[in-house]
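Examination of the molecular architecture
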Amino acid sequence: MSINADLPIKTCWIVTEGLVGLKNQAIGLAQALGVPYELKEIKKSKSLWRFLFQAGHDLTPPWPDMLIACGRQSVSAAVGVRRLSGSKTFTVYIQDPFVDPKNFDAVIVPAHDQLRGENVFVTQGAIHHVDQQKLTDAGGHFRSLRASLPRPLISVLIGGKNKHQDFSERSAQDFADKLLLGAKTTGGGLAISFSRRTGAANEKMIRQHLSGIPSYIWDGEGENPYLGLLSLADVILVTSDSISMVSEACSTGKPVYIYELPNGGKRHRQFCQGMVESGHARFYAGDIEIWKNTALDETGRAADFVRERYEAKMSELKLNIVH
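Read on for a plain summary of the structure. (Residues numbered from 1 in each chain as written. Predicted model: local features only at pLDDT ≥ 70, side-chain atom pairs only at ≥ 80, totals over all residues. Heavy atoms only, no water.)

**A word on the pattern of salt bridges**
Rules: One side-chain nitrogen of Lys or Arg within 4 Å of one carboxyl oxygen of Asp or Glu is enough to make a salt bridge. A run of H or I in DSSP becomes a helix once it reaches four residues, and a run of E becomes a strand once it reaches two; helices and strands are each numbered from the N terminus. Here the term buried applies to any residue with accessible area under 20% of the maximum for its type, exposed to any over 50%, and partly exposed to those in between, with areas from a 1.4 Å probe on protein chains only.
Applying the stated rule across the entire model yields ten salt bridges. With a closest N to O distance of 3.1 Å, Lys 313 and Asp 105 form a salt bridge. A residue pair is termed long-range when its members are at least 10 positions apart, and Lys 313 in helix H10 (residues 298-322) and Asp 105 in the loop between strand S4 (90-94) and strand S5 (106-110) qualify at 208 residues. Neither Lys 313 nor Asp 105 differs from the other in exposure class; each is buried. One connected set of salt bridges, linked through shared partners, spans Arg 82, Asp 105 and Lys 313.

**Some remarks on the side chain of Ser 251**
Just so we agree on the cut-off: Only heavy atoms matter for contacts: two residues are in contact if any of them lie within 4.5 Å across the pair.
Tracing the chain through its elements places Ser 251 in the loop between helix H8 (243-250) and strand S11 (256-259). With relative accessibility at 8%, the residue Ser 251 sits in the buried group. Sequence-distant contacts of Ser 251, defined by excluding residues within four places in its chain, comprise His 128, Val 130, Gln 132, Ala 295 and Leu 296.

**Structural notes on the environment of Ala 249**
If you trace the backbone, Ala 249 turns up in helix H8. Judged by its relative accessible area of 0%, Ala 249 falls in the buried class. Taking the C-alpha atoms as reference, Ala 249 lies 29 Å from Pro 101; in sequence the two are 148 residues apart. Other than its neighbours up to four places away in sequence, Ala 249 contacts Leu 230, Ile 236 and Val 256.

**Here we look at the packing of H8 against helix H9 (residues 266-277)**
The description of two packed helices rests on the angle between their axes and on the distance between the axes. Selection criterion: Whenever a helix is involved, its axis is fitted only over the stretch in contact; in every case the axis is a line through C-alpha atoms, and angles between N-to-C directions fall within 0 to 180 degrees. Note on terminology: angles under 35 degrees are roughly parallel, angles over 145 are roughly antiparallel, angles of 65 to 115 are roughly perpendicular, and the others are oblique. As a working rule, the residues Ala, Val, Leu, Ile, Met, Phe, Trp, Tyr, Cys and Pro are called nonpolar, Asp, Glu, Lys and Arg charged, and the rest polar, with Gly in that last group.
Between H8 and H9, the shortest axis-to-axis distance is 11 Å and the interhelical angle comes to 10 degrees. Considered as vectors, H8 and H9 are oriented roughly parallel to each other. When H8 is examined against H9, the residues Ile 243, Val 246, Ser 247 and Cys 250 are found in contact with a partner set consisting of His 268, Phe 271 and Met 275. Considering only residue class, the contact of H8 with H9 consists of five nonpolar, two polar and no charged.

**Focus on H8**
Counting buried residues in H8 gives seven out of eight residues, a clear majority hidden from the surface. What H8 keeps buried is the set Ile 243, Met 245, Val 246, Ser 247, Glu 248, Ala 249 and Cys 250. Buried residues along H8 sit against strand S7 (153-157), helix H7 (226-232), strand S10 (235-239), S11 and H9.

**Considering the packing of aromatic side chains**
For clarity, the threshold we go by: The criterion for an aromatic pair is that two Phe, Tyr or Trp rings (for Trp, the six-membered ring) have centres within 6.5 Å, with stacked assigned to planes under 30 degrees apart, edge-to-face to planes over 60 apart and tilted to the rest.
Using the criterion set out here, one finds seven aromatic pairs in the structure. For the ring pair Tyr 257 and Tyr 284, a centre distance of 5.8 Å and an interplane angle of 70 degrees mean the geometry is edge-to-face. One end of the pair, Tyr 257, is in strand S11; the other, Tyr 284, is in the loop between strand S12 (282-283) and H10, with 27 residues separating them in the sequence. In this structure, Tyr 257 and Tyr 284 share a single accessibility class: buried.

Spelled out as structure tokens, the structure:
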């Protein structure tokens with residue numbers, strides 16, 4: 001549980017290559033720390049220093065009090081700013097940077113990464129921007145959705161094919177069969193959100209398969225109900241392809257089921273297995289039980305670690321000035 005004390009930081013840069021998943025992790029940490037932030041998007045650069053001179057990069061002095069970076073392309077920027085600031089910019093890197101972690105003041109990695117060190121904090125899943133206040137607000141905003149469907153409300157977050165896992169027609173058919181079974185045996189309603197990675201053919205087949213079940217299916221138009229689905233659910237089903245979606249689902253304290261897509265990479269399998277072994281999720285085989293879960297607050301725990309590292313560094317700097 002986060003101690004929820006804001007840091008005395010006036011400026012913070014969030015540096016990513018612009019991908020939503022990367023930005024959400026960094027934003028979530030900044031919000032948990034209570035620091036104001038400015039988003040900075042960088043381009044690919046293999047050189048430690050070239051990023052400073054590339055067109056479109058707005059990474060120039062005055063250097064920020066803190067920099068939070070996420071994504072492989074932001075490693076050079078984070079290391080470079082830290083060095084150019086004379087180590088005055090407190091730098092945090094999210095994920096494994098694949099360089100010595102001593103290049104940063106703090107590094108945050110999920111347990112399925114192997115990096116360890118004195119300044120490395122290990123989380124069970126991905127950190128993210130979902131918090132209880134956002135869930136409460138979204139639940140109120142989308143409350144009519146639950147009123148129109150029978151209970152239990154089963155929120156279904158469907159991802160799709162990526163470089164690690166496949167979502168073939170056979171997988172989609174199996175998933176649809178199991179969704180149908182879960183809805184029929186519980187008598188509940190389905191609230192479904194598809195991803196762009198689901199694929200048009202898979203989405204059409206799942207829709208047709210569930211046509212006789214009370215359901216809400218977001219069509220991709222209008223306001224995204226994702227946080228509302230997390231907030232209003234009695235139980236959450238999520239496909240295994242997205243570590244972020246599983247982590248966000250487990251942060252709600254609701255019962256979470258993971259449907260494993262085939263051909264998963266080692267890291268994905270280790271992550272899902274870890275969530276199940278810790279009791280924060282169960283693998284989905286068609287049966288649904290409403291069981292007591294505990295909210296997973298890895299973002300808050302990571303923020304506490306960063307606070308401790310920051311305060312220790314400030315104390316050391318003051319001690320050096322005195323002497």
